Amino acid sequence: MQAPHLPLYDQAFGANPADWVAVSPFHALAAGGAPILAVCSSQRKEPCPEAEHFQQRAARLGTRVQSLPEPMSHRDINRELGKPGAYTEDVESFLRTLVPTL
């Protein structure tokens, strides 16, 4: 939030740095946390490196995080999940590592 960012982040998270930390998935990571699938848009330069940074911190804490770069916008990542195709199959594959009977 201290680096240049889209205005929508200010609308969503406000101007108080303490609030930013309180809602930050990066800061919420804890040792032994539940596995996470971090889907990121490879259409922009920031999301996937940020997901990798998140994954590295999680690994240091013993939490499994898997990154899934997708060549779609954030909006399409949300819209396309559940539709037939490789993206949905990859998410389902991750979920099966958590619940093999899926």
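Residues numbered from 1 in each chain as written. Predicted model: local features only at pLDDT ≥ 70, side-chain atom pairs only at ≥ 80, totals over all residues. Heavy atoms only, no water.

1. Remarks on the state of the cysteines
The bond known as a disulfide is covalent and runs between the sulfur atoms of two cysteines.
Stage number 1. What the rule picks out here adds up to one disulfide.
Stage number 2. Across the disulfide, cysteine 40 is cross-linked to cysteine 48 (sulfur-sulfur distance 2.3 Å). Residues cysteine 40 and cysteine 48 are joined through a disulfide that is right-handed, its torsion about the S-S bond being 100 degrees. This pair shows no difference in class: cysteine 40 is buried, exactly as cysteine 48 is. (Disulfide = S-S within 2.5 Å. Buried < 20%, exposed > 50% of the residue type's maximum accessible area, 1.4 Å probe, protein only.)

2. Here's the deal with helix α6 (residues 86–98)
Stage number 1. Under the 1.5 Å per step criterion, the end-to-end length of α6 is 19 Å for 13 residues, consistent within 8% with the ideal 18 Å.
Stage number 2. When α6 is considered as a whole, its buried residues turn out to be Tyr87, Thr88, Val91 and Phe94. What you see down the axis of α6 is that its buried residues fit within an arc of 125 degrees, all on one side.
Stage number 3. Tucked into the core, α6 has its buried residues touching β1 (36–41), β2 (65–70) and α5 (74–80). (Helix = DSSP H or I, 4+ residues; strand = E, 2+ residues; numbered from the N terminus. Expected span 1.5 Å × (residues − 1). Arc of directions from axis to C-beta. Contact = heavy atoms within 4.5 Å.)

3. Remarks on the environment of proline 71
Stage number 1. Within the secondary structure layout, proline 71 lies in the loop between β2 and α5.
Stage number 2. What makes proline 71 exposed here is its relative accessible area of 59%.
Stage number 3. For the pair proline 71 and phenylalanine 26, spaced 45 residues apart in sequence, the C-alpha to C-alpha distance is 23 Å.
Stage number 4. Excluding anything up to four places from it in sequence, proline 71 contacts Ser42 and Gln43.

4. Some remarks on the pattern of salt bridges
Stage number 1. What the rule picks out here adds up to two salt bridges.
Stage number 2. Between glutamate 46 and arginine 44 there is a salt bridge whose closest N-O contact spans 3.3 Å.
Stage number 3. Take glutamate 46: its relative accessible area is 32%, and that puts it in the partly exposed class.
Stage number 4. Of the residues examined, arginine 44 reaches a relative accessible area of 41% and is grouped as partly exposed.
Stage number 5. Here glutamate 80 makes a salt bridge to lysine 83, at a shortest N to O gap of 3.4 Å. (Salt bridge = Lys/Arg side-chain N within 4 Å of Asp/Glu carboxyl O.)

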